[in-house]
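Letter by letter, the chains look like this.
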Amino acid sequence: MKKKILTLQTTIFIFDSGLGGITIFNYIKNIFLNINFIYLLDNKYFPYGNKSKNFILQRLIKILQKISLFHNISLAIIACNTASITSLPELKKYFNFPIIGVTPVINLAIAKTKNQVIGFLATNTTLQNYKIRNKIYLLKKKYMIKMISSPKLVFLAERKLLGDKIILSEIKKIFFSWYKLKIFPDTIILGCTHFPLIKDELKIIFPKNIYFLDSKKYIIDKFKKLIQYNKNLLNIKKNILYYTKKNKDTNRIKNIFKNMNFHIFKKFKI
Ligand code: DGL
């Protein structure tokens with residue numbers, strides 16, 4: 001694909017089922033200083049971690065088709081491992097703007113581990129995906145890969161960001177089986193964009209000196225290949241948050257995004 005040049009009034013669209021994509025937004029916001037961001041959280045169908053590939057793909061097509069009627073999207077970032085791993089290649093065929101995503105950094109974990117025991121945290125849909133399963137199958141001979149999918153962990157990460165108190169023992173319970181291991185993982189893949197939000201809690205309940213690996217660094221390599229960006233662009237910033245369902249958390253969510261320099265908040269009917 002030819003490099004797309006970001007110009008005035010262009011927009012980067014960030015998608016996640018919930019608030020996990022914020023971990024990606026926070027990482028890239030300082031790179032694209034003058035570009036408008038749209039963040040869409042599909043809280044109507046949160047969590048995605050138990051949804052089928054077909055559901056997620058159809059939902060993403062619908063959302064991107066509708067959003068691109070209203071906005072000139074220069075780049076879409078699927079800031080959700082579950083949605084990226086299930087849908088990215090097919091999704092790209094439907095749109096003429098570049099779409100990139102985040103996927104669990106299994107290769108990086110292999111490069112980092114010293115004791116050959118790797119923890120892999122992701123949603124059920126991600127861990128069940130055939131690409132992931134095939135990869136894990138091939139690695140099994142050499143590495144011990146301990147996988148945990150926990151909707152509760154996604155939920156707790158979201159609640160933490162919303163300001164609720166997180167009880168460490170609740171997180172600890174999720175990892176009950178790991179405490180019985182002879183060798184604890186020295187490298188843990190955070191294969192869901194929600195999980196960096198609770199890295200501090202994981203650090204407390206796990207042994208010291210563990211590498212926690214999430215996918216955000218690779219996102220920059222991906223878009224550097226696709227787009228050219230001039231930091232001196234002068235643009236009037238207008239960041240927009242769309243949510244697909246209004247509920248008791250909506251005001252808290254708006255406040256989180258206000259603090260991230262978002263100015264417009266709207267329900268997206270879809
Ligand atoms: N943040 C999403 C991911 O990276 C998924 C969370 C969910 O909706 O289950 O996989």
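Calculation notes
Residues numbered from 1 in each chain as written. Predicted model: local features only at pLDDT ≥ 70, side-chain atom pairs only at ≥ 80, totals over all residues. Heavy atoms only, no water. Phe/Tyr/Trp six-rings, centres within 6.5 Å; stacked < 30°, edge-to-face > 60°. Helix = DSSP H or I, 4+ residues; strand = E, 2+ residues; numbered from the N terminus. Buried < 20%, exposed > 50% of the residue type's maximum accessible area, 1.4 Å probe, protein only. Lys NZ or Arg CZ within 6 Å of the ring centre and 35° of its normal. Pairing = 2+ DSSP bridges. Axes fitted to C-alpha atoms, helices over the stretch in contact; angles between N-to-C directions. Contact = heavy atoms within 4.5 Å.

### Focus: the packing of aromatic side chains
Phase 1 of the analysis: Summed over all chains, the structure comprises 16 aromatic pairs.
Phase 2 of the analysis: When the ring of Phe 25 is compared with that of Phe 37, the centres are 5.0 Å apart and the planes differ by 90°; the resulting orientation is edge-to-face. Of this pair, Phe 25 sits in helix α1 (residues 22-28) while Phe 37 sits in strand β3 (residues 36-41), and the two are twelve residues apart along the sequence.
Phase 3 of the analysis: The buried category is assigned to Phe 37, whose relative accessible area is 1%.
Phase 4 of the analysis: Three or more aromatic residues link up through ring pairs in this structure, and these residues are Phe 175, Trp 178, Tyr 179, Phe 184, Phe 206 and Phe 212.
Phase 5 of the analysis: Above the plane of the ring of Phe 268 lies Lys 66, whose end atom (NZ or CZ) is 5.2 Å from the centre.

### Considering the sheet that holds strand β8 (residues 187-191)
Phase 1 of the analysis: Read across the open sheet, the four strands follow the order β7-β6-β8-β9; overall the sheet is parallel. Of all the strands in the sheet, the pair left with one neighbour each is β7 (144-148) and β9 (211-213). The average angle at which neighbouring strand axes cross in this sheet is 20°, direction not considered.
Phase 2 of the analysis: Alignment of strand β6 (residues 117-122) against β7, held across five bridges, turns out to be parallel. The partner of Val 117 across the bridge, within β7, is Met 144.

### Looking at the sheet that holds strand β5 (residues 99-101)
Phase 1 of the analysis: Taken together, six strands build an open sheet; the order of strands is β5-β4-β2-β3-β11-β12 and the sheet is parallel. Since the sheet does not close on itself, it has two edges, and those belong to β5 and β12 (264-267), each with one partner. Ignoring strand direction, the axes of neighbouring strands in this sheet form an average angle of 20°.
Phase 2 of the analysis: Sheet topology places strand β2 (residues 11-16) next to strand β4 (residues 73-78); five bridges connect them, and they run parallel. Bridge pairing in β4 places Phe 15 opposite Ile 78.
Phase 3 of the analysis: Contacts from helix α3 (residues 81-92) reach β2, β4 and β5, with the element oriented near 160° to β5.
Phase 4 of the analysis: Helix α11 (residues 250-258) rests against β3, β11 (240-243) and β12 of the sheet, and its axis sits at about 155° to β11.

All we've got here are geometric facts, nothing functional implied.
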